[in-house]
Amino acid sequence: MKKRRLRDLPPQALDGKRALTRVDFNVPLKNGRVTDDTRLRASLPTIKYLRDKGARVVLLSHLGRPKGGPDPQYSLKQIVPDFERLLGAPVEFIPDPVAGAAATRHLTRGGVALVENTRFWPGEEKNDPELAKAFAALGDLYVNDAFGSAHRAHASTEAVAHLLKPAVAGFLMEEELTYLGQLLANPKRPFIAVLGGAKISGKIDVIRALLPKVDELLIGGAMACTFFAAMGLEVGSSLVEPDRIALAKELLVASGKQLILPRGAVIAPSLEQARESKSVPAHAIPKGWAVFDIDESTQHDFGARLVRAKTIFWNGPMGVFETPPFDAGTRAIANALVDAGKKGAVTVVGGGDSVAAVAGMEDKLTHVSTGGGASLEFLEGKELPGVAALENA
Ligand code: ADP
Ligand code: MG
């Protein structure tokens, strides 16, 4: 179902109106300073658009995981100076949403206010209608730009969306829905998914959902080792999920030729003994050694498949990319996506660590999803409560 978008609203819907805007300001902090402001910067297009149209912008976000009560360590007040600098305008801080409605009425056109961490109120994670009412009193319309929080039915993402009209998708949310939606709806073929990372367990549903849709599913990371074990191969001391081997067997049978595993691996006795690392074919992993990356022959194989693709979705690194030289496989896949993109492929990267692995390459990829868990749930075909609650187009 297509959702109504911020850009679809007529000027009179915004001019002078209080736009209650759910953003994702869940940024990493150290000693009260923002150490990575990517998410703050990502929210600027929506906020700037609202200000340009004369709206009064009231921002809602969570930060970290406070235990259902105020905790100075997780106060959004800390990010105000960094955010003001990026925005180039003063930001009024509202410490309490319940008492804050008056302050939002005093905002001037184009003015910006930030409400304290939504998770300081226990009703947030319970999707409490009373807290949602307090949030709704802070605005005249609702904009959700926090795709990464849309898989949770919380008061600031779900319940509040039913209380304000219009309730629309901001630019970031719109971009996520467009590109991820395109993967599921009508991907240009061949469509190849690359999945990696530490475990199969968190990604089974996405594997199951993608298998019928993709032409090929390339598997790397430690996840591949559980498949190796399912094939009866020796996996040494690699990270394997013994309780998922049966499932891996089932997927191997069901998927036939679509599921492509690494031909070989870069192994070492341990992560600390990276200097002893060497490449071996997948069937020759010795006892006492562990897989830490895909090998060069796999890089070439995966790369050759990917440059022919017209749509690529990638989640999960191919190896322990935080520890060189085990970053080589992940870098090779990142480069293969860029090359495929140059030849016209749509390239989408989602996840947490995979997004970190393509840092600085965003311009050369079609879309880098900041959604993490939400992007995987979306691709599993699940309805995200924070999206469902927005008005239909
Ligand atoms: P994402 O956050 O992109 O969804 P995951 O969290 O599933 O990815 O997996 C990322 C982690 O997987 C990284 O910390 C990486 O070190 C680890 N990893 C990848 N390959 C291996 C491997 N062969 N052995 C152990 N850990 C691995
Ligand atoms: Mg991760």
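Above this text is the structure in question.
1. Some words on the site of ligand 1
For step 1, the next point in the chain: Taken together, 18 residues lie around ligand 1, and Lys-203, Val-291, Glu-322, Asp-353 and Ser-354 are the ones closest in.
For step 2, the next point in the chain: Between ligand 1 and the protein, one listed contact pairs an oxygen atom with a backbone N or O atom of Ala-198 at 3.1 Å.
For step 3, the next point in the chain: Taking Gly-352, its main chain carries an N or O atom lying 3.2 Å from an oxygen atom of ligand 1.
For step 4, the next point in the chain: About the coverage of ligand 1: the protein hides 82% of its 580 Å² of free accessible area.
For step 5, the next point in the chain: Elements with a contribution of two residues or more to the shell around ligand 1: β14 (290-294) and α12 (353-357).
For step 6, the next point in the chain: By residue class, the composition of the shell around ligand 1 is seven nonpolar, eight polar and three charged.

2. Some details on the environment of Ser-43
For step 1, the next point in the chain: For Ser-43, the position within the fold is in the loop between α1 (38-42) and α2 (44-52).
For step 2, the next point in the chain: Under the relative-accessibility criterion, Ser-43 is labelled buried at 2%.
For step 3, the next point in the chain: Placed 129 residues apart in sequence, Ser-43 and Leu-172 show a C-alpha to C-alpha distance of 7.2 Å.
For step 4, the next point in the chain: Leave out the neighbours within four places in its chain, and Ser-43 touches Val-23, Phe-25, Phe-83 and Leu-172.

3. Describing the environment of Ser-201
For step 1, the next point in the chain: Inspection of the secondary structure assignment puts Ser-201 in the loop between β9 (191-195) and α7 (204-210).
For step 2, the next point in the chain: Apart from residues no more than four positions distant in its own chain, Ser-201 is found in contact with Glu-241 and Arg-244.
For step 3, the next point in the chain: Within polar-contact distance, the side chain of Ser-201 engages the side chain of Glu-241 at 2.5 Å.

4. Things to note about the packing of aromatic side chains
For step 1, the next point in the chain: With the rule as written, the count across this model stands at five aromatic pairs.
For step 2, the next point in the chain: With 6.3 Å between their ring centres and 40 degrees between their planes, Phe-120 and Trp-121 make a pair best called tilted.
For step 3, the next point in the chain: The exposure class assigned to Trp-121 is buried, which follows from its relative accessible area of 19%.
For step 4, the next point in the chain: Residues Phe-292 and Phe-326 carry aromatic rings whose centres are separated by 5.1 Å and whose planes lie at 40 degrees to one another, so their mutual orientation is tilted. Residue Phe-292 is found in strand β14, and its partner Phe-326 is found in the loop between β15 (311-315) and α11 (328-342); the two are separated by 34 residues along the sequence. Assigned by exposure class, Phe-292 and Phe-326 land together as buried.

Reading the values: the criteria
- Residues numbered from 1 in each chain as written.
- Chains lettered and ligands numbered in written order.
- Predicted model: local features only at pLDDT ≥ 70, side-chain atom pairs only at ≥ 80, totals over all residues.
- Heavy atoms only, no water.
- Near = heavy atom within 4 Å.
- Polar contact = N/O pair within 3.5 Å; in protein donor to acceptor, adjacent residues only side chain to side chain.
- Areas by Shrake-Rupley, 256 points an atom, 1.4 Å probe, with all protein chains shown as cover.
- Helix = DSSP H or I, 4+ residues; strand = E, 2+ residues; numbered from the N terminus.
- Nonpolar A, V, L, I, M, F, W, Y, C, P; charged D, E, K, R; others polar.
- Buried < 20%, exposed > 50% of the residue type's maximum accessible area, 1.4 Å probe, protein only.
- Contact = heavy atoms within 4.5 Å.
- Phe/Tyr/Trp six-rings, centres within 6.5 Å; stacked < 30°, edge-to-face > 60°.

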